[in-house]
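# Examination of the molecular architecture
Below, each chain spelled out in residue letters.
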Amino acid sequence: MSLTPPEGFAAIIVAAGRGNRAGGGLPKQWRDLAGRPVLDRTIAAFRGFGRIVVVCHPDDMDHAQAVLDTAVTLVPGGDSRSASVRNALNALPGDDITHVLIHDGARPLVSASVIAGVVDALIDGADAAAPALPVSDALWRGTEGRVTGTQPRDDLFRAQTPQGFSLSAIRQAHDRASADAADDVELARNAGFEVAITPGSEDNIKITYPADFARAEHLLRPRMDIRLGNGYDVHAFGPGDHVWLCGIQIPHDAGLSGHSDADVGMHALTDAIYGALAMGDIGRHFPPSDPQWKGADSAIFLRHAAELARSHGYRFGNADVTLICEAPKIGPHAQAMQDRLADIMGLDPTRISVKATTSEKLGFTGRREGIAAIATATLIKD
Ligand SMILES: Nc1ccn([C@@H]2O[C@H](COP(=O)(O)OP(=O)(O)OP(=O)(O)O)[C@@H](O)[C@H]2O)c(=O)n1
Ligand SMILES: C[C@](O)(CO)[C@H](O)COP(=O)(O)O
């Protein structure tokens, strides 16, 4: 989802804390998260905003200037989060700003939809809006390792950022603040403003403790990619005394005609893999016009497709081949076929199925003019 808020919106990203709870020497906003500094990722989440103010610790200003996008306005922070926000409010670039979103630099995984929820609530007229998640676990009170009571959770929420405000509301809230507050929602409520709750996200974590880096990296890992491909092939009977089916030679009163060994089952399975990869078919990788494939062992094709899948980071979920013929009988050979296909594909035989059906004497397979095969294959990238 891309995010382009209206002109008068600015984003304030507070990153002037020391990250003491996260440990690790360097303050957490400057530490690497899957190849980029945490703060760099956070700023990137707000790239649709024309104006972004980033609040950094006074000791970090040179580092920030060297590391961050020059398109942001850098402001030195204060002794508390609220003081840092105030410094940013006093340094907003431009006098046409009507709304601000205030976000923790330590929440690099905020999504466009969470930000859009806040922006939309403000556009709809709210003075203040912020994302949150309802508490779903039971809540207890406890001391010294023992439960001492329970706490109703019906109206409890876990607060997140960005917290959005009309500029006049947040300025009033900070002007009236008599004590420090955990966040700007608290200040806005203390000043009498209503705050709308917008949808938060489980992924919008605040990096607070050392283990949060591993959590964030896990969330950034690409999601599982599951692909399904199908293949279909037909070969006509011709002169001969055996057929090759799924890598097994079976005596028969005819052979199968084709440029290669005409292993119709293996061809269908090979095409299923190419199909799952969206990389064409056997003809594209092994053109029938090329004499080197005359009489070729079809294991070459299947091995190529399987290796291609692995080289693109996929593993096999399963494969399923159905042979359609009146004869020869497939049942007695099915296990050997599964084992052979598994061997070629480097797969556990329990993930491969070979079965057969007749076409009830109908059509070309029913008239014993040839054999058809269909196959499916699933590929998985974790
Ligand atoms: N004086 C401060 C204190 C905090 N923050 C920012 O407010 C956000 C939320 O605060 P928190 O997670 O508590 O960060 P730290 O104060 O850095 O963490 P710690 O309390 O563990 O030192 C962070 O992005 C932090 O950089 C800030 O801009 N100025
Ligand atoms: C603003 C905030 O992130 C809302 O969840 C939070 O209040 C600030 O962080 P802290 O861990 O409470 O200091």
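Summary of the structure given here. (Residues numbered from 1 in each chain as written. Chains lettered and ligands numbered in written order. Predicted model: local features only at pLDDT ≥ 70, side-chain atom pairs only at ≥ 80, totals over all residues. Heavy atoms only, no water.)

## Structural notes on unusual backbone geometry
Between T161 and P162 the backbone carries a cis peptide bond, its omega angle lying at 15°. Summarising the element assignment, P162 is placed in the loop between β10 (157-159) and β11 (163-166). Cis geometry marks the peptide bond from A327 to P328; its omega dihedral reads 5°. As for its placement among the helices and strands, P328 is situated in the loop between β17 (315-324) and α11 (334-345). One non-glycine residue, E144, lies in the positive phi region at around 50°. Inspection of the secondary structure puts E144 in the loop between β8 (139-143) and β9 (146-151). We classify E144 as exposed; its relative accessible area is 82%. Phi is positive for A278, which is not a glycine, with a value near 55°. Position of A278 among the secondary structure elements: in the loop between α8 (264-277) and α9 (282-285). (Helix = DSSP H or I, 4+ residues; strand = E, 2+ residues; numbered from the N terminus. Buried < 20%, exposed > 50% of the residue type's maximum accessible area, 1.4 Å probe, protein only.)

## So, the pattern of salt bridges
For the structure on display, the rule yields 14 salt bridges. The shortest N-O distance in the salt bridge between D184 and R81 comes to 2.8 Å. On the criterion of sequence distance, the pair formed by D184 in helix α6 (residues 184-190) and R81 in helix α3 (residues 81-89) is long-range, its members being 103 residues apart. Here R81 falls in the partly exposed class, since its relative accessible area comes to 22%. (Salt bridge = Lys/Arg side-chain N within 4 Å of Asp/Glu carboxyl O.)

## Focus on the site of ligand 2
In the region of ligand 2, the neighbouring residues are R21, R81, D104, R107, A159, T161, A182, D183 and K206. For ligand 2, an oxygen atom lies 2.4 Å from a polar atom in the side chain of D104. In the model, an oxygen atom of ligand 2 is placed 2.8 Å from a nitrogen or oxygen of the R107 side chain. Contact with the protein chains covers 71% of the free accessible surface of ligand 2, which is 350 Å². In terms of residue class, the shell around ligand 2 is built from 2 nonpolar, 1 polar and 6 charged. (Near = heavy atom within 4 Å. Polar contact = N/O pair within 3.5 Å; in protein donor to acceptor, adjacent residues only side chain to side chain. Areas by Shrake-Rupley, 256 points an atom, 1.4 Å probe, with all protein chains shown as cover. Nonpolar A, V, L, I, M, F, W, Y, C, P; charged D, E, K, R; others polar.)

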